[in-house]
Amino acid sequence: MVLSLVSLCAREVVRDHSSSPCWLRWVPRELYRPLLEASFTGCRPLAVGELVQRWPERTLRVGRSRKQGQKGPNRLCVQALLLAVVRGMSDQRCALQVLDLCGLQGDEGGMGDPMGGWSLTVALCTMVVQSRARAQRAQRERKRLSALEREKDVKRGRETNGDVAGPDNEEPEGNDREKMGSCRTLGEEELITGVRRRMEVERRRETAVTGSGGSRKETEDVNSDVLVHVRADLFVNARSWERVRGALSASGPLKLQCRYLRVEEISVSSIRTMLGLLPRQGLLGIDVRYSSLGVAGLAEMLPLLSTFPALNSLRLHYCNLDFRRDQPGQEEALGHLSQGLTRLQELRCLSLTALRLPGQLRVLLSSLPRPLEILELPYLSLSPADLAYLSCSHHASTLQQLDLSENRLDENTLTSIRRLLSQASGGLQHLSLSGCGLTDGLLGLLLPSLGGCRALKSLALALNPLSIAGLMDLVRMAVRMPSLRQLLYPNPLEDYQPGLPDLPSSAQLLDWPLDEATDINITSSQLNRVRIESGRSDLSLTCDLLNYDKDLVG
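Residues numbered from 1 in each chain as written. Predicted model: local features only at pLDDT ≥ 70, side-chain atom pairs only at ≥ 80, totals over all residues. Heavy atoms only, no water.

Asker: Would you mind showing me how to read the overall build of the chain here?
Answerer: A count of helices and strands for the chain gives 20 helices and 13 strands. Expressed as a percentage of its 554 residues, the buried residues of the chain come to 45%. Expressed as a percentage of contacts within the chain between residues at least 6 apart in sequence, the contacts between residues at least 24 apart total 80%. Here the chain has roughly 27900 Å² of accessible surface; of this, 51% comes from carbon and sulfur atoms. (Helix = DSSP H or I, 4+ residues; strand = E, 2+ residues; numbered from the N terminus. Buried < 20%, exposed > 50% of the residue type's maximum accessible area, 1.4 Å probe, protein only. Contact = heavy atoms within 4.5 Å. Areas by Shrake-Rupley, 256 points an atom, 1.4 Å probe, with all protein chains shown as cover.)

Asker: What is the right way to read the nonpolar core from this model?
Answerer: Leu81, Leu261, Leu314, Leu316, Leu404 and Leu474 are the most contacted members of the largest nonpolar core, which totals 133 residues. Each residue touching Leu314, except ones within four places of it in the same chain, is listed here: Ile286, Leu302, Leu305, Leu341, Leu344, Leu347, Cys349, Leu350 and Ser351. In terms of nonpolar packing, the next biggest core, distinct from the first, is built from eight residues, Leu488, Tyr496, Leu509 and Tyr548 among them. (Core = buried A, V, L, I, M, F, W, Y, C linked by side-chain atoms within 4.5 Å.)

Asker: For this particular structure, what's the right way to read the packing of aromatic side chains?
Answerer: The geometry of two aromatic rings is summed up by the distance between their centres and the angle between their planes. Evaluation of the coordinates by the stated rule reveals two aromatic pairs. Both rings, one in Tyr32 and one in Trp55, keep their centres 6.0 Å apart while their planes meet at 90°; by these two values the pair is edge-to-face. Highlighted residues: Tyr32 in helix H3 (residues 32-41) and Trp55 in the loop between helix H4 (45-53) and strand E1 (59-61), separated in sequence by 23 residues. Just as Tyr32 is buried, Trp55 falls in that class too. Ring geometry for Tyr290 versus Tyr318: centroids 5.6 Å apart, planes at 10°, classification stacked. Here Tyr290, found in the loop between strand E5 (285-289) and helix H12 (294-305), pairs with Tyr318, found in the loop between strand E6 (313-317) and helix H13 (330-342); they are 28 residues apart in sequence, far enough to count as distant. Lying over the aromatic face of Phe235, Arg262 brings its terminal NZ or CZ to 4.6 Å of the ring centre. (Phe/Tyr/Trp six-rings, centres within 6.5 Å; stacked < 30°, edge-to-face > 60°. Lys NZ or Arg CZ within 6 Å of the ring centre and 35° of its normal.)

Asker: Is there a simple way to think about the pairing of E6 in this case?
Answerer: Each regular strand carries side chains that alternate between the two faces of the sheet. Counting buried positions along E6 yields four of five residues, so the element is predominantly enclosed. For E5 and E6, the ladder comprises five bridges, and the chain directions are parallel. Paired with Gly285 across the bridge in E6 is Ser313. After leaving E5, the chain enters H12 and then returns to the sheet as E6, a path that is right-handed. In terms of strand pairing, E6 meets strand E7 (residues 349-353) through five bridges, oriented parallel. Among the inter-strand pairings, His317 is bridged to a residue of E7, identified as Thr353. (Pairing = 2+ DSSP bridges. Right-handed = clockwise from strand over helix to strand, strands pointing away.)

Asker: Just checking my understanding: could you explain helix H20 (residues 520-533) for this structure?
Answerer: Because each turn of an α-helix spans 3.6 residues, side chains separated by three or four positions in sequence point in the same direction. Taking 1.5 Å of rise per residue, the 14 residues of H20 would be expected to cover 20 Å, and the 21 Å separating its terminal C-alpha atoms lies within 8% of that figure. Turning to H20, its buried residues are Thr523, Leu527, Asn528, Val530 and Arg531. Summarising the axial view, the buried residues of H20 lie within an arc of 150°, below the 170-degree limit, and thus occupy one face. Facing away from the buried surface of H20 by more than 90 degrees, the exposed residues are Asn521, Ile532 and Glu533. A positive phi of about 70° marks Gly535, the residue just after H20. (Expected span 1.5 Å × (residues − 1). Arc of directions from axis to C-beta.)

Asker: Please clarify how unusual backbone geometry should be interpreted in this entry.
Answerer: Positive phi values are uncommon outside glycine, yet Cys43 reaches one of about 55°. Here Cys43 lies in the loop between H3 and H4. A relative accessible area of 33% places Cys43 in the partly exposed class. For Ser381, which is not a glycine, the phi torsion comes out positive at approximately 55°. Considering the arrangement of structural elements, one finds Ser381 in the loop between strand E8 (374-376) and helix H15 (384-392).

Asker: I tried to follow a nonpolar patch on the surface on my own but got confused; where do I start?
Answerer: Judged by side-chain polarity, Tyr290, Tyr318 and Tyr379 come together as a nonpolar surface patch covering roughly 320 Å² of accessible area. According to the relative accessible area criterion, Tyr379 is partly exposed, its value standing at 42%. (Patch = residues over 30% accessible without salt bridge, like charges linked within 9 Å, V, L, I, M, F, W, Y side chains within 5 Å. Salt bridge = Lys/Arg side-chain N within 4 Å of Asp/Glu carboxyl O.)

Asker: Can you walk me through the side chain of Asp386 in this structure?
Answerer: Position of Asp386 among the secondary structure elements: in helix H15. Despite being buried, Asp386 has no salt bridge partner; Arg362 is the closest side chain of opposite charge, sitting 7.5 Å away. Once you skip the residues sitting within four places of it in the chain, Asp386 turns out to touch Leu357, Pro358, Gly359, Gln360 and Leu361. (Lys, Arg positive; Asp, Glu negative; His and termini not counted.)

Asker: I would appreciate a short explanation of the packing of helix H18 (residues 468-478) against H20 in the present structure.
Answerer: Two quantities define a packed helix pair, namely the angle between the helix axes and the distance between the axes. Orientation of H18 relative to H20, taken along the N-to-C sense of each, is 25°, at an axis distance of 9 Å. Overall, the two elements H18 and H20 adopt an arrangement that is roughly parallel. Between H18 and H20 the crossing geometry is right-handed. In contact with Ile468, Leu471, Met472, Val475 and Arg476 of H18, H20 contributes Thr523, Gln526, Leu527 and Val530. The residue makeup of the contact of H18 with H20, split by class, is six nonpolar, two polar and one charged. (Axes fitted to C-alpha atoms, helices over the stretch in contact; angles between N-to-C directions. Parallel < 35°, antiparallel > 145°, perpendicular 65-115°, else oblique. Left-handed = near helix turned anticlockwise from the far one by under 90°. Nonpolar A, V, L, I, M, F, W, Y, C, P; charged D, E, K, R; others polar.)

Asker: Just to check I follow, could you spell out the packing of helix H16 (residues 411-424) against helix H17 (residues 440-451) for this structure?
Answerer: Taken N-terminus to C-terminus, the directions of H16 and H17 make an angle of 15°; their axes are 9 Å apart at the nearest point. The angle between H16 and H17 falls in the class roughly parallel. Relative to H17, the crossing made by H16 is right-handed. Across the interface between the two elements, Glu411, Leu414, Ile417, Arg418 and Leu421 of H16 pack against Leu442, Leu445, Leu446, Ser449 and Leu450 of H17.

Asker: Whenever I open this one, the environment of His395 confuses me. Can you help?
Answerer: Along the chain, His395 falls in the loop between H15 and strand E9 (401-403). With a relative accessible area of 0%, His395 lands in the buried category. Spatially, the C-alpha atoms of His395 and Leu420 are 9.8 Å apart, while their sequence positions differ by 25 residues. Look past the residues within four positions of His395 in its chain and what remains in contact with it is Leu365, Leu368, Arg370, Pro371, Leu372 and Tyr389.

Asker: For this particular structure, what's the right way to read the confidence of the model for the chain?
Answerer: Reading predicted coordinates in detail is not appropriate for stretches of low pLDDT. Per-residue confidence for the chain averages 83 on the pLDDT scale, and 82% of its residues sit at or above 70. A low-confidence stretch, residues 106-114 (pLDDT under 50), is modelled with 19 contacts involving residues beyond four sequence positions or located in other chains. (pLDDT = per-residue confidence, 0-100.)

Asker: I'm lost on a positive patch on the surface in this one. Help?
Answerer: A surface patch of positive charge is lined by Arg87, Arg134, Arg137 and Arg140. Looking at the positive patch, the element that brings in the most residues is helix H6 (residues 117-162), giving three residues. As for its position among the elements, Arg87 is in helix H5 (residues 75-88). Judged by relative accessible area, which is 34%, Arg87 ranks as partly exposed. (Charge placed at Lys NZ, Arg CZ, Asp CG, Glu CD.)

Rendered as structure tokens:
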């Protein structure tokens, strides 16, 4: 990546913090952004704090513009940013009104040094609570000074009434009143600094002069409490639940808003409370993991989700939903669940992991009012009837991302899968069939349908029992797909130690040791030779399941 001249100069400027007093006061507003980016890149938390405290624009976005391979902000820099936001509320040079941190944390709650989802959420909530306490202290100080000024007015009035009026002391009396009035004004403005707070003082003065009603003044006071709106993706679990609830319930100069909410291992009642505290506007998605919702709990939660008009993503992972058990009331609960999904008018992404819903896919997906673009159904024990419905549903032609990992495929489901791929061929960009039991024979029958997906960018086929010959056929098909950028292939059966079953499961392929006597690089070299001879340097071949990330494909 070639850096611009502005970026190179910005890195040199923020490199030496001792010189910041010399250049900070002269920096034009259009250079604040490149200087801040250089401070994040060079891990200069002191420079980050000084720039944010003087931020000249109404909006500051951090975390969304990261390019491929670029690391996120360092933990110290993020903490310096949050502290500077609080300090900037009492700095008349700061014009910040919206702090957007959406996308800053890692998806799994941490990526090495950058601040992760949980720690960032805790830091944000701590900042909100502390800013409220600081505002309350300032309010008490204002009241104390106001009481002292009134007491001084009373004393001066008594002294004036006790003296004999004359021409020599009339003028000083007027000057004293002017000085008293100016002292009151200066005292208030010293405590209430900052651009927006000064505007509030002016509005109060205008209201007092024009004699407007008290209700309007009260409304202005309520609206003026919020100085900075903070938007972020929140990660809530049992340890951070109380702190997040306190921050969302707090009324003060900072208002916390959520774009994507991820909750783990908390009860249904806590999730309901959390949804009740979130602002209705702005929530785009919710991700619930490792929580014992049950069918009844999910049916109870869905009506609350319908109150968020922009909600377009729902992810449920390991939430103890099992329709295979013969329990009374399951059909009724499933009906409530279907009705709840009907209310999610803007839903575009649905991800259900390990929910054990064999034969129930039609009931769930047919109730959605609009077709899905992202559908993830790993570990769902899908039946042939489920796949047959999906291939003919109104969602098939609009899918851009499909994950059917760990659902067993065989000759009975192959027709449905081929029909599904044919329907989605025009727009499908990401496909995962990892751990589906695809043998060389099944894959050979499926390759024409895979090759017809002309928009496909990433294909994951890990943990399938394929031989080297099957992998070679797969790569020969992949190099003929011009849009494909990433292929995750399984280790061939020849690379495993002896004793592996003829048709091993994905769990056996994951746990069975590889043969140390076999050079694994030979397989990689053979596959890459096919790729290079076809002139596909833009296609990445990998068998590294742990580090595979489809989102790295643009």
